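So you can see what is in the structure, the chains are spelled out below.
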Amino acid sequence: MSITLSAHDNPVIQWWRTHVVATVDHVSVVEKVRDEAGFSGRYAFMTLMSAGIAVLGLLLSSPAVVIGAMLISPLMGPIIGLGFGLATLDSEEIRTASIALVSGVLLAILFTALIVLLSPIQNVTPEIAARTRPNLFDLLVALFSALAGAYAMIRGRAGTVVGVAIATALMPPIAVIGFGLATWNWTVFAGSLWLFLTNLMTIAVAAAVIARLYGFGSHLSPQQTVLQTILITVTLVAFAVPLGLVLVQIGWEARASLQIREVVTSEFEGSARLSQIDVDYQSDPIRVSATVMTPSVSASAERAATTTLTRLLGRPITVQLEQVRVGTGAQAEAAQVAAAQSARVTAADRLASRTAEQLALVAGVKSDAVLLDRDARRAVVTAAVLPGAGLAAYRALESRVAATATDWTVVLVPPPVAPPPVALDDDGKPDMAAIATAVWGAQRLNLPLGVAGPGAQTVVDTLGEAGVKAQVASGPGADGGVRLRWLAPEAAAE
C-alpha cells in the first residue's frame, strides 16, 4: 500500500506557509509595488539621466561610468510591478507597469540615439560589442537581479542598491540599442535588442515565480473576468516561450564550451594546460582559438581537435591552436623566449580578431565575412545594404574602425549606392568634401563615374587629378551642381 501526500500534508510546504509566507504583509507589499510601478515625471527624468550616463560610459568604454548610470536608474519599479502583476493576475497592474516600462525604454533609446548622433565618438567599443548577444552569464545576471529585486520588495528592503542589480541587466542593452539606431548599425541594434528582451523576460518571469512562492496570488487583485485571466496567462506564456528557446541555445553553448575545453586539452599529454580559449558561435563554421602551454608541440592537435569536435557537436568547427612550449632547467630560457614571441603573436591575433569583429558590426555582416591578411595587416569587408545609408555614411563607418585598429589598413567596400551630388560655388569650383567621398567610393568599387549637368567637365577634371576615371555623361544635373552616377567598368575606356 502506498501513501501519497497532498500539498496540504507535505511538511516542507506546511513549514514554508507557516514560517515564511505567513510573515509577509501581502497587502502592504502589493500597495507598495503599485505605487512604484507607474509612470511619473521623476521616473522619466531619472531614466533619461541614467541612459545618458550609460551611453557615454559605453562610448568611452568605461565600466566605472556605466556603473554610475546604474545607481540612478528607476527601472526596478515597473519591472517588478510587471512580475507581481503576472503573479496576481492583475490586469490593471500589468497595464500600468507595461506602460511605464515601454515609455521609459522608448525615451531612453531615443535619448541615447540623440547623444550618439551629436557625439564625435561613434566607434563600436568593447563595452558596446559585449552587449550585442545574450550568453549564459548575461542570463544569470538578469536572473539573480530579479531574485534580489523581488525578495527585497517583499521583505521591505528595496532600495537603490537592489535597483542597481535590475538596471545592470537592462540599461546598458537599452543604450546599445540607441547606439545601433543612431549609427544605422542593424547588427548592433538587433543583437542588443535581443539581449534586452531576453533579460526583460528573465526578470519578469523570475519575479512572478518568486511572488507566487511568497503567496501572492489572484486573491490579492481585483476581480478578474475569464477573458482577462486568459489574456494574462497568454502574456505569461508569451514571455516564457522565447525565454525557453534562448535557454536551449545558451544551454547548448555552455555544454559545447565544456566539450571544447576537454577535447583541446586531451590532445596534449603530460602537464600541458589551456591558457586561453575563445569560441565564436556566430561564425560559420564555429571558430575556436586557444593558447596551450605544453612541454611538447603536437603537429596534429589542430586537425584532431577539429575532427573530434565536429563529430561531437554536429556542426562545422575550425580550431586554431597557439602552442607555447614550456620546460625546466636548460629549457626555461628557450621557453621564456618562445612565450614572449607567442605573447606578441597572440596580442596581434587578438587585435586582428577585434578589428574583424568591429568591421563586421559596422558593415552589418558576420565576422567570418571579413577577409584578414595578417602579414600585410589589412582587413577587407563588403558591407551589407544599410537602409538609408549613403556613400558618406559607409566612408564614415570605415573611418571609425580604422581609428581604433592601430597599424591596420581597413577597407570597407560599400554597396553601389548613388554618389552624392557635387555642388559648385559661385566661381564654379566643386565641393571638395563631395569629391572626396566620390573618390573614396570609386576606389573601393573600382568603377568609373559619369558626370552630368552644368560644370561637368570641371568635376571630371578634378576627379581625374585624384586618379578616378570619369567622363561627361548626358542627363540633368543636380540643384546647384552636377550629378554623379556609376558607369560600367568598360565605359570609361570607350
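Details of the structure are given in the entry above.
None of these values were measured; they are calculated from a predicted model.

In terms of regular secondary structure, the protein chain is built from 16 helices and ten strands. Every one of the 494 residues in the protein chain was classed for burial, and the buried ones make up 45%. Sequence-distant contacts in the protein chain: of pairs separated by 6 or more residues, those separated by 24 or more amount to 71%. Accessible surface computed for the protein chain: about 24,200 Å², of which carbon and sulfur atoms make up 61%.

Moving on, we come to empty space enclosed by the protein. Taken as a whole, this structure holds one cavity of 30 Å³ or more when the rule is applied. Approximately 50 Å³ is the volume attributed to the largest cavity. As for the largest cavity, its lining consists of Val30, Val33, Arg34, Phe84, Gly85, Thr88, Asp90 and Glu93. Across the lining of the largest cavity, the residue classes tally to three nonpolar, two polar and three charged.

Moving on, we come to the sheet that holds strand S8 (residues 449–452). Strands sit in the order S7-S10-S8-S9 across an open sheet of four strands; the sheet is mixed. Edge positions in the sheet fall to strand S7 (422–423) and strand S9 (470–472), since each of these pairs with one other strand and no more. As judged from the three bridges shared by S8 and S9, these two strands associate in the parallel manner. Along S9, the bridge assignment pairs Val451 with Val472.

What follows is about the pairing of strand S2 (residues 286–294). Along S2, seven of the nine residues are buried, which leaves the element largely enclosed by surrounding structure. Pairing analysis gives seven bridges linking strand S1 (residues 273–280) to S2, with the strands arranged antiparallel. Bridge assignment links Asp278 to a residue of S2, and that residue is Ser289. Here S1 folds back onto S2 in antiparallel fashion, the turn holding five residues. Across nine bridges, S2 lies against strand S3 (residues 317–325) in parallel orientation. Among the inter-strand pairings, Ile286 is bridged to a residue of S3, identified as Ile317.

What follows deals with a negative patch on the surface. A cluster of acidic side chains, namely Asp25, Glu31, Asp35 and Glu36, defines a negative patch on the protein surface. The residue Glu36 is located in helix H2 (residues 26–37) in this model.

Here the focus is the environment of Val65. Structurally, the position occupied by Val65 is in helix H4 (residues 63–70). For the pair Val65 and Ile53, spaced twelve residues apart in the sequence, the C-alpha separation amounts to 6.8 Å. Beyond its immediate stretch of four places on either side in the chain, Val65 contacts Ile53 and Gly57.

On to the packing of aromatic side chains, then. With the rule as written, the count across this model stands at four aromatic pairs. Between Tyr151 and Tyr214 the ring centres are 6.5 Å apart and the planes differ by 65°, which places this aromatic pair in the edge-to-face class. Placement of the pair is Tyr151 in helix H8 (residues 136–154) and Tyr214 in the loop between helix H10 (186–213) and helix H11 (226–266), with a sequence separation of 63 residues. By relative accessible area, Tyr214 is classed as buried at 9%. Taken together, the aromatic side chains of Trp184, Trp186 and Phe189 make up a single cluster linked through ring pairs.

Moving on to a nonpolar patch on the surface. Taken together, the side chains of Leu114, Leu117 and Leu118 present a nonpolar region at the surface, about 330 Å² in accessible area. With respect to the helices, strands and loops of the structure, Leu117 is situated in helix H6 (residues 91–118).

Looking now at the nonpolar core. Within the largest apolar cluster, 105 residues are counted, with the highest numbers of intra-cluster contacts made by Phe216, Leu359, Leu412 and Leu463. Sort the elements by how many residues they give to this core and helix H9 (residues 160–182) lands first, with eleven residues. Those residues in contact with Phe216, other than ones at most four positions away along the chain, are Val24, His26, Val29, Val30, Phe84, Ala87, Thr88, Ile154 and Ala211. With 20 residues, the next largest nonpolar core counts Val292, Ala305, Leu313 and Ile317 among its residues.

Here the focus is the sheet that holds S3. The strand order across the open sheet formed by three strands is S1-S2-S3, and the pairing between neighbours is mixed. The open sheet has two edge strands, S1 and S3, and neither has a second partner. Across the sheet, the mean angle from the axis of one strand to that of its neighbour is 15°, orientation sign disregarded.

The rules behind each value
- Residues numbered from 1 in each chain as written.
- Predicted model: local features only at pLDDT ≥ 70, side-chain atom pairs only at ≥ 80, totals over all residues.
- Heavy atoms only, no water.
- Helix = DSSP H or I, 4+ residues; strand = E, 2+ residues; numbered from the N terminus.
- Buried < 20%, exposed > 50% of the residue type's maximum accessible area, 1.4 Å probe, protein only.
- Contact = heavy atoms within 4.5 Å.
- Areas by Shrake-Rupley, 256 points an atom, 1.4 Å probe, with all protein chains shown as cover.
- 1 Å grid on protein atoms, 1.4 Å probe; cavity = no way out; pocket = protein on both sides within 12 Å on 5 of 7 lines; lining within 4 Å.
- Points joined across faces, edges and corners; volume = space filled by probe spheres on them.
- Nonpolar A, V, L, I, M, F, W, Y, C, P; charged D, E, K, R; others polar.
- Pairing = 2+ DSSP bridges.
- Patch = residues over 30% accessible without salt bridge, like charges linked within 9 Å, V, L, I, M, F, W, Y side chains within 5 Å.
- Salt bridge = Lys/Arg side-chain N within 4 Å of Asp/Glu carboxyl O.
- Lys, Arg positive; Asp, Glu negative; His and termini not counted.
- Charge placed at Lys NZ, Arg CZ, Asp CG, Glu CD.
- Phe/Tyr/Trp six-rings, centres within 6.5 Å; stacked < 30°, edge-to-face > 60°.
- Core = buried A, V, L, I, M, F, W, Y, C linked by side-chain atoms within 4.5 Å.
- Axes fitted to C-alpha atoms, helices over the stretch in contact; angles between N-to-C directions.

These values are about where atoms sit, not about what they do.
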